[in-house]
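Tertiary structure, described
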Amino acid sequence: MCDSAGSGESGGVTGTGQDAEADNEPPHQAPPLPECDLLEVAQTLEEGVPTSAKRPRMSEEEEELERLDKPAKMHEETPAQAGLLQKDPASPEQNAGEPLQCGDNGGAGREVPVSVGGEEECHQNGDGGLDAPLEGEAKPEEEHNGIISADSPGEGQRLGLDFTQNPQMLTGSWTEYSNIPENYLKGCKWAPDGSCILTNSADNVLRLYNLPPEIYSYNWDMLPEMSPVLRMAEGDTIYDYCWYPKMSSLDADTCFLASSSRDNPVHVWDAFYGEVRASFRPYNHLDELTAAHSLCFSPDGTQLYCGFDKTVRVFYTERPGRDCEERPTVVKKQGQSGIISCFGFSPCQSVYACGSYSRCAGLYSSQDGTLLALLPTRHHGGLTHLLFSPDGNYLYTGGRKDPEILCWDLREPGKVVFSLKRNVATNQRIYFDLDLSGRYLLSGNTEGVVSVWDTLTAPPDGNEELLQPQLRFQAHWDCTNGVSIHPFMPLLATSSGQRQFPWPGESEGDSASEGEGGEAVMSPPEVRQDNALSLWWAGPLGPAPEGDPEPPLVQPADTN
């Protein structure tokens, strides 16, 4: 790849040294941590904490001098002093607590010696070597901490998710979305290194939030409302957006994301400065610019997959411009029709899945796009989201105006192992997410309720039963359309909101004169509008502030 970040279409978007690893590879050789107290956790990890990087850009000569001066000694302050939970510096994907954060203009050129493996192993989404989570029982080590087996890579630096009680709301952002009427959110996605979170909203602006450092020290009563550190405005409706899978705050060259919007090329945004770093321009058979409906980087980050009507176009990340590989999904009237609306890559095989608005999903070879299997049409609406399990044996699919998430056994293509009930009453894309072990699946619904399913409770015979949720909690008063699980901490992010339509009678003058029928024509936004991003603690409760162990649920319904 190119040595530096390119701008426009002249250069690549990634830096050197990007190995072909699996996506979201967990940390390696981490020291074991306690299960509860994050302060104790931080104090046990006095290695790998760099000094503050909040300073202006350095020249190349200064960077080289600094790198040569102290290539491996970055331990001047402990995690407790910095208020940060720091990870093993041997894996750049882990360093979410690194002071050099997204949106921080001091991040350019910061170098830390890293050693990352290039092996292709089955741990894109988490713990490599886990048995199929839907067939067997949990390993004893899994039962010990909730979700992670003791021999899993990076188990030491993650606190287990705990869904025996409702998650605790920590903070969020709602004032940001109240300046424009009906500026509802359309999803949220944690960065691969966990340092920041990205949101999409109806005003066509991507917002980037850094993870508040107070979360690491349990100072939850001091958490202020979050404010975005970057705003990246697209020219029209944003169809999809995704992170570069090798993103690490230690390397500014890897901190970027891609987005696609109506009548615009695919833009690659710099996550430190909020500027367009490169563009990919897809053209149709009439040589007209056409917009991608879905986006996804390959696990090693070298390719960008874009979904179109009956076509997938593959761009090479290091070569912005219009050159791409076209992979039609319909050949001689056979194959997967409709607009390709979502992607997912298997963590174990060289296979990717495409969902389409024709209500079906297909499995394809990553090498040449050959159709391997076309799953039966079981959904009631077009697919809007899909996910592979960490072991690669199962595929979860969900659609719009569809009451179920289906779990497919890919060892027997076409077999549905079980279904998960959720209420999706609109065409809005409502995301769901899996934890790193593949045990817990979370999804919101149109009423704002988040459901948590334990996939280990599924019957081993897989006779397509309806799996009941382990936990349900009211996250928002409006539609909870986005849910994202932090890469290594027991943190959840949820986003809410939906397009509001006037009720009958609103446009017919003064509705207050309708007497007894007045409440029937009340404006829905006064009752249930809730446009917000929220962060939740879903782990064991440690030394929470006394007197108020559970902060009240702050809702922005009355801030509009």
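Scroll up for the structure.
Residues numbered from 1 in each chain as written. Predicted model: local features only at pLDDT ≥ 70, side-chain atom pairs only at ≥ 80, totals over all residues. Heavy atoms only, no water.

1. Regarding the overall build of the protein
How we decide: A run of DSSP states H or I qualifies as a helix once it reaches four residues; a run of E qualifies as a strand once it reaches two. Both are numbered from the N-terminal end. Each residue is placed in one exposure class: buried if its accessible area under a 1.4 Å probe, protein chains only, is under 20% of its type's maximum, exposed if it is over 50%, and partly exposed if it falls in between. Methods summary: accessible areas were calculated by the Shrake-Rupley approach with a probe of 1.4 Å, and residue burial reflects only the protein chains presented.
Within the protein one finds 5 helices and 31 strands. Of all 560 residues assigned to the protein, the portion counted as buried reaches 59%. Here the protein has roughly 22100 Å² of accessible surface; of this, 48% comes from carbon and sulfur atoms.

2. Looking at the side chain of Thr397
To be explicit about the condition: Counted as a polar contact is a pair of N or O atoms within 3.5 Å, where, for protein atoms, one must be capable of donating a hydrogen and the other of accepting one, and residues adjacent in sequence contribute only when both atoms are in side chains. Should any heavy atoms of two residues lie within 4.5 Å, those residues are considered in contact.
Structurally, Thr397 can be placed in strand S21 (residues 394-399). On the basis of relative accessible area, Thr397 is assigned to the buried category, the value being 1%. In this structure the side chain of Thr397 is engaged in a polar contact, spanning 2.9 Å, whose partner is the side chain of Trp408. Setting aside anything within four residues of it in sequence, one finds Thr397 in contact with Ala361, His379, Leu383, His385, Leu386, Glu404, Ile405, Leu406, Trp408 and Phe432.

3. Looking at the sheet that holds strand S19 (residues 371-374)
Cut-off, in case you're wondering: Should DSSP find at least two bridges between two strands, the strands are regarded as paired. Axis lines are fitted to C-alpha atoms, over the contacting stretch for helices. Their N-to-C directions set the angle, which ranges from 0 to 180 degrees.
The antiparallel open sheet is built from 4 strands, whose spatial order is S16-S17-S18-S19. In this open sheet, the two edge strands, each paired with only one partner strand, are strand S16 (340-345) and S19. In this sheet, adjacent strand axes meet at a mean angle of 25° when their direction is disregarded. As defined by bridge partners, S16 adjoins strand S17 (residues 351-356) across 5 bridges and the pair is classed as antiparallel. The residue bridging Cys342 from the neighbouring strand is Gly355, located in S17.

4. A few points about the nonpolar core
Heads up, the condition is: To define a nonpolar core, start from buried Ala, Val, Leu, Ile, Met, Phe, Trp, Tyr and Cys residues and group those joined through side-chain atoms within 4.5 Å.
By size, the foremost hydrophobic cluster in this structure holds 21 residues, and its most contacted members are Ile215 and Leu491. Within the residue set of this core, elements represented by two or more residues are strand S2 (185-190), strand S30 (491-496) and strand S31 (533-537). Excluding its chain neighbours within four sequence positions, the residues that come into contact with Leu491 are Leu170, Trp190, Leu211, Ile215, Ser484, Ile485, His486, Trp536 and Trp537. Trp243, Met247, Cys255 and Tyr431 belong to the second-largest nonpolar core, a separate cluster that totals 19 residues.

5. A word on the packing of aromatic side chains
This is how it is decided: Stacked, edge-to-face and tilted labels apply to pairs of Phe, Tyr and Trp rings (six-membered ring for Trp) whose centres lie within 6.5 Å, assigned for plane angles under 30 degrees, over 60, and everything in between, in that order. Criterion for a charge above a ring: Arg CZ or Lys NZ at most 6 Å from the ring centre, at most 35 degrees from the ring normal.
Under the defined criterion, the tally for this structure stands at 13 aromatic pairs. Centre to centre, the rings of Tyr244 and Phe297 are 5.7 Å apart; their planes meet at 85°, and the pair counts as edge-to-face. A residue pair is termed long-range when its members are at least 10 positions apart, and Tyr244 in the loop between strand S6 (238-243) and strand S7 (256-261) and Phe297 in strand S10 (residues 294-297) qualify at 53 residues. With relative accessibility at 0%, the residue Tyr244 sits in the buried group. Here the aromatic residues Tyr305, Phe343, Phe345, Tyr352 and Tyr364 are joined through ring pairs into a cluster of three or more. Here the guanidinium or amino end of Arg313 rests over the ring plane of Phe308, the centre of that ring lying 4.5 Å away.

So, to be careful, I would describe these as geometric facts and stop short of saying anything about function.
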